[in-house]
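Letter by letter, the chains look like this.
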Amino acid sequence: MRRRDREVTDIDEVEEILLKCKLCHIAMVDNGSPYVVPMSYGYKIRDENVLELYFHSAFEGRKMDVLKRGNKVCFEIAYEGEPIRPEVLCNSGYWFGSVIGYGEVTFIEDAEEKCRALSIMFKHQTDRDVTFTTKQAKSVCVFKIVSTDFTGKKKPRPSV
């Protein structure tokens, strides 16, 4: 990371960023070309260096075809605020927080595990505890990205 002053190394600060965000952009390679999709997610942090991101999807489509051919992905989760110093064109920008990482997609087949993953997702998305039935879990594809290679970055909101 070039700007070490913006690096987020504390896992609690990484989680603060994850909590603020609702979308994850997943990048993959489709026959040699980049392909990225935004998706709702849920997450779980195992230890300080294992991040699990959970997603649900239809069983078919371009994204599913690409992920089945190759499960290595890059992901980006970020929020942004208002411009900082917009009057100084070359020295302006936004305050933000982001988590970027690499991982592998694993499709979750076990109904119980799918129910747990869906509950984690919807808790993150709605802040409600939701219990899913096996029938509901079987009606969607659920997958996770497991990453041990992720970094946080933050440009704090300036003090007023």
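Figured I'd write up the structure that's included with this text. Treat the numbers as computed from the prediction; the structure is a model and nothing was measured. (Residues numbered from 1 in each chain as written. Predicted model: local features only at pLDDT ≥ 70, side-chain atom pairs only at ≥ 80, totals over all residues. Heavy atoms only, no water.)

**With respect to helix α3 (residues 111-126)**
Count 3.6 residues to each turn of an α-helix, and residues three or four apart come out pointing the same way. Quick note on the threshold: Helix and strand assignments come from DSSP, with helices taken as H or I runs of at least 4 residues and strands as E runs of at least 2, each series counted from the N terminus. Any helix carries an expected span of 1.5 Å times its number of residues minus one.
An ideal rise of 1.5 Å per residue puts 22 Å on 16 residues; α3 measures up with 22 Å between its terminal C-alpha atoms. A positive phi of about 60° marks Asp127, the residue just after α3.

**Description of the pattern of salt bridges**
Pairs can form between side chains of opposite charge whenever their charged atoms are close. The condition is simple: By definition here, a salt bridge exists when the distance from a side-chain nitrogen of Lys or Arg to a carboxyl oxygen of Asp or Glu is within 4 Å.
Applying the stated criterion across every chain, the model contains ten salt bridges. The residue Arg62 makes a salt bridge to Asp30 at a minimum N-O spacing of 2.8 Å. Linking Arg62 in helix α2 (residues 62-69) with Asp30 in strand β2 (residues 23-30), this pair joins segments that are 32 residues apart in sequence. In the salt-bridge network here, residues are joined through shared partners; they are Asp30, Arg62 and Arg69.

**Considerations on the packing of aromatic side chains**
Using the following cut-off: Each Phe, Tyr or Trp ring, with Trp reduced to its six-membered ring, pairs with another whose centre is within 6.5 Å; inter-plane angles below 30 degrees give stacked pairs, above 60 give edge-to-face pairs, and intermediate values give tilted ones. Categorising residues by exposure relies on relative accessible area from a 1.4 Å probe, with only protein chains included: less than 20% of the type maximum marks a residue as buried, more than 50% marks it as exposed, and the intermediate range marks it as partly exposed. Charge-over-ring placement is defined geometrically: NZ (Lys) or CZ (Arg) within 6 Å of the ring centre, and within 35 degrees of the ring normal.
On inspection of all chains with the given rule, the structure shows three aromatic pairs. Plain terms: the ring middles of Phe55 and Phe143 are 5.2 Å apart, the flat faces sit at 25° to each other, and that makes the pair stacked. Taken together, the positions of Phe55 in strand β5 (residues 50-57) and Phe143 in strand β8 (residues 141-155) put the pair 88 residues apart, joining distant regions of the chain. Per residue, the accessibility class of Phe55 equals that of Phe143, and both read buried. An angle of 50° between the planes, with centres 5.3 Å apart, marks the rings of Phe122 and Phe132 as tilted. Of the two residues, Phe122 sits in helix α3 while Phe132 sits in the loop between α3 and α4 (134-138), which places them ten residues apart along the sequence. Its relative accessible area of 26% is what places Phe122 among the partly exposed residues. The cationic tip of Arg62 hangs over the ring face of Tyr35; the distance from NZ or CZ to the ring centre is 3.8 Å.

**Overview of the nonpolar core**
Filter applied, for reference: What makes a nonpolar core is a set of buried Ala, Val, Leu, Ile, Met, Phe, Trp, Tyr and Cys residues whose side-chain atoms join them at distances within 4.5 Å.
In terms of nonpolar packing, the biggest core is built from 30 residues, with Ile26, Tyr41, Leu53, Phe55 and Phe75 touching the most fellow members. Secondary structure elements with two or more residues in this core: α1 (11-20), β2, β3 (33-40), β5, α2, β6 (72-84), β7 (93-108) and β8. Counting ten residues, the second largest nonpolar core, distinct from the first, contains Tyr54, Ile108, Leu118 and Ala137.

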